[in-house]
Amino acid sequence: MDVVIVGSFMTDLMSYCTDFPEPGETVHGHKFKKSFGGKGANQCIMAQRLGGKTAMIGRVGDDGYGIEHLEHFKKHSVNVDHIYKTEKEQTGVANIIVNDKGQNCIVIVSAANLKLNENDLKAAEVVIKSAKVLVTQMEILPTTALAALKIAKKHGVKTILNVAPVPKALPDEIYKLVDYFCVNELEAASLWGNPVNSIEDANKSAKEFIHRGCSNVILTLGKMGSVFVTEAGINPIHIPAQEVKAVDSTGAGDAFVGSLAFYLATRPDLPVQEIIRRSNDIATASVLKPGTQDSYPYKKDLSHELF
Ligand code: ATP
């Protein structure tokens, strides 16, 4: 196994409109789409589409959405041995509004995702042990993510933590279990306690996360690309993204994290800056098309120089 993802499934219910509604306002949308989402699922599909061998550990509900996710993952040849169906529970949903500028607002209802627990992880320990990289995020319980990181560390598996969305409380001990701590600028600001409005702010917040115990920090900054800081103490490195006309940035962060996991697992020979540059390029490709997973490229559609 290259990449094992411990994370969420969401069914994305996407409405496209010219401008976001104000509180109390109703606006007409011009398109609706239902699609596969959830940070964990997105990152898994991204890594798999790049040619990685992936396994997903997560929970769906006992409803139609859950069956659709399972079928979708089987079609992508993801290992589904540890995707559990949760009795009397719904599959997670994300209500997403995209405006004509390509910005988004999202409300998620995590439902079955919050039932993923330590016993599920213990049952999947053989798969975790066999992986090169484990990735987890915060659409599951932080305590479950923590347990996943602990199991990965026990077996010498590289870890990526994507603190998205930022939970009310993040266990202090989590930082030391993280090889690659990955957040966007809003998440960084929330965890750091100060605004992140510039590359300089991004550098400062990243250094703080290193101070809290993680080995490497990557901040994604939308069209400005990413910032990389390592515990080795070398100066922060800004890796710009290509300039493009974005159509829909929904899921760009997950495209980035899925790509990062893929490269760390399959190209450990590359310097991390180069891995980030390539992950930027793939995330940038995803903003050129509407949708979340629908916008993620396949290996066959990408330049061979990325592999
Ligand atoms: P989301 O929550 O929408 O999934 P995010 O806020 O977690 O996204 P971003 O920082 O917006 O993640 O984007 C992740 C990466 O995607 C960036 O580091 C960059 O490489 C690429 N990207 C995002 N937006 C753009 C853009 N407008 N132009 C070029 N690249 C982009």
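For the structure itself, look to the data block above.
Scoring rules and cut-offs
- Residues numbered from 1 in each chain as written.
- Predicted model: local features only at pLDDT ≥ 70, side-chain atom pairs only at ≥ 80, totals over all residues.
- Heavy atoms only, no water.
- 1 Å grid on protein atoms, 1.4 Å probe; cavity = no way out; pocket = protein on both sides within 12 Å on 5 of 7 lines; lining within 4 Å.
- Points joined across faces, edges and corners; volume = space filled by probe spheres on them.
- Helix = DSSP H or I, 4+ residues; strand = E, 2+ residues; numbered from the N terminus.
- Nonpolar A, V, L, I, M, F, W, Y, C, P; charged D, E, K, R; others polar.
- Core = buried A, V, L, I, M, F, W, Y, C linked by side-chain atoms within 4.5 Å.
- Buried < 20%, exposed > 50% of the residue type's maximum accessible area, 1.4 Å probe, protein only.
- Contact = heavy atoms within 4.5 Å.
- Near = heavy atom within 4 Å.
- Polar contact = N/O pair within 3.5 Å; in protein donor to acceptor, adjacent residues only side chain to side chain.
- Areas by Shrake-Rupley, 256 points an atom, 1.4 Å probe, with all protein chains shown as cover.
- Salt bridge = Lys/Arg side-chain N within 4 Å of Asp/Glu carboxyl O.
- Pairing = 2+ DSSP bridges.
- Axes fitted to C-alpha atoms, helices over the stretch in contact; angles between N-to-C directions.
- Expected span 1.5 Å × (residues − 1).
- Arc of directions from axis to C-beta.

In this section: the layout of surface pockets. Leftover empty space is mapped by rolling, across the atoms, a probe with the size of a water molecule. What the largest pocket holds in volume is close to 1,500 Å³. Considering the residues around the largest pocket, the lining is formed by 50 residues, among which Asn104, Asn184, Ser249, Ala252 and Gly253 are closest to the centre. Elements supplying a minimum of two residues to the lining of the largest pocket: strand 2 (10-17), helix 1 (39-49), strand 6 (92-98), strand 7 (104-109), strand 10 (180-184), helix 6 (185-192), helix 8 (252-266) and helix 9 (272-286). Per-element tally for the lining of the largest pocket: the top contributor is helix 8, with five residues. A class-by-class count of the residues in the lining of the largest pocket yields 20 nonpolar, 20 polar and 10 charged.

Another aspect to go through is the nonpolar core. Ranked by size, the top nonpolar core spans 47 residues in total, and within it Ile57, Leu134, Phe181, Phe209 and Leu219 carry the most contacts. A total of seven residues in this core trace back to one element, the largest contributor, which is helix 5 (residues 142-154). Among all residues touching Phe209, those that are not within four sequence positions of it are Tyr175, Phe181, Val183, Ala188, Leu191, Trp192, Cys214 and Val217. Within the second largest apolar cluster, 41 residues are counted, among which are Val3, Val60, Cys182 and Ile276.

The full set close to the ligand counts 21 residues, and Asn184, Thr220, Gly222, Asn280 and Thr284 are the nearest of them. One of the backbone N or O atoms of Gly222 is found 2.8 Å from an oxygen atom in the ligand. Interatomic distance of 3.4 Å between a side-chain N/O atom of Ser226 and an oxygen atom of the ligand. Contact with the protein chains covers 86% of the free accessible surface of the ligand, which is 630 Å².

Our focus in this paragraph is the pattern of salt bridges. Applying the stated criterion to the full structure yields 16 salt bridges. A salt bridge links Lys74 to Glu71; its shortest N-O distance comes to 4.0 Å. Placement of the pair is Lys74 and Glu71 together in helix 2 (residues 64-75), with a separation of three residues, close to one helical turn. Between Asp281 and Arg277 there is a salt bridge; the shortest N-O distance is 3.2 Å. Residue Asp281 and its partner Arg277 are located together in helix 9, separated by four residues, close to a single helical turn. On the basis of relative accessibility, which here comes to 17%, the residue Asp281 falls in the buried class. Its relative accessible area of 34% is what places Arg277 among the partly exposed residues.

The next point concerns the sheet that holds strand 8 (residues 133-137). The strand order across the open sheet built from nine strands is 5-4-1-8-9-10-11-12-13, with neighbouring strands paired in mixed fashion. Both edges of this open sheet fall to strand 5 (79-86) and strand 13 (237-239), since each of them pairs with a single strand only. Here the average twist between neighbouring strands, direction ignored, is 20 degrees. Direction of pairing for strand 10 relative to strand 11 (residues 216-220): parallel, over a ladder of five bridges. Note on strand 11: the bridge partner recorded for Tyr180 is Asn216. Relative to strand 5, helix 2 is tilted by about 180 degrees, and along the sheet it contacts strand 4 (54-61) and strand 5. In this fold helix 6 packs onto strand 10 and strand 11, with an angle of close to 105 degrees to the strand it touches most, strand 10.

In a regular helix each residue adds 1.5 Å, so 12 residues correspond to 16 Å; helix 2 covers 17 Å between its end C-alpha atoms and thus fits that length. Of the positions making up helix 2, those classed as buried are Gly66, His69, His72 and Phe73. Down the axis of helix 2, the smallest arc covering the buried residues is 125 degrees, so these residues share one side. Facing away from the buried surface of helix 2 by more than 90 degrees, the exposed residues are Ile67 and Lys75. Of the surrounding secondary structure, the elements contacted by the buried residues of helix 2 are strand 2, strand 3 (29-37), helix 1, strand 4 and strand 5. In the stretch just after helix 2, Ser77 is the one whose phi turns positive, near 65 degrees.

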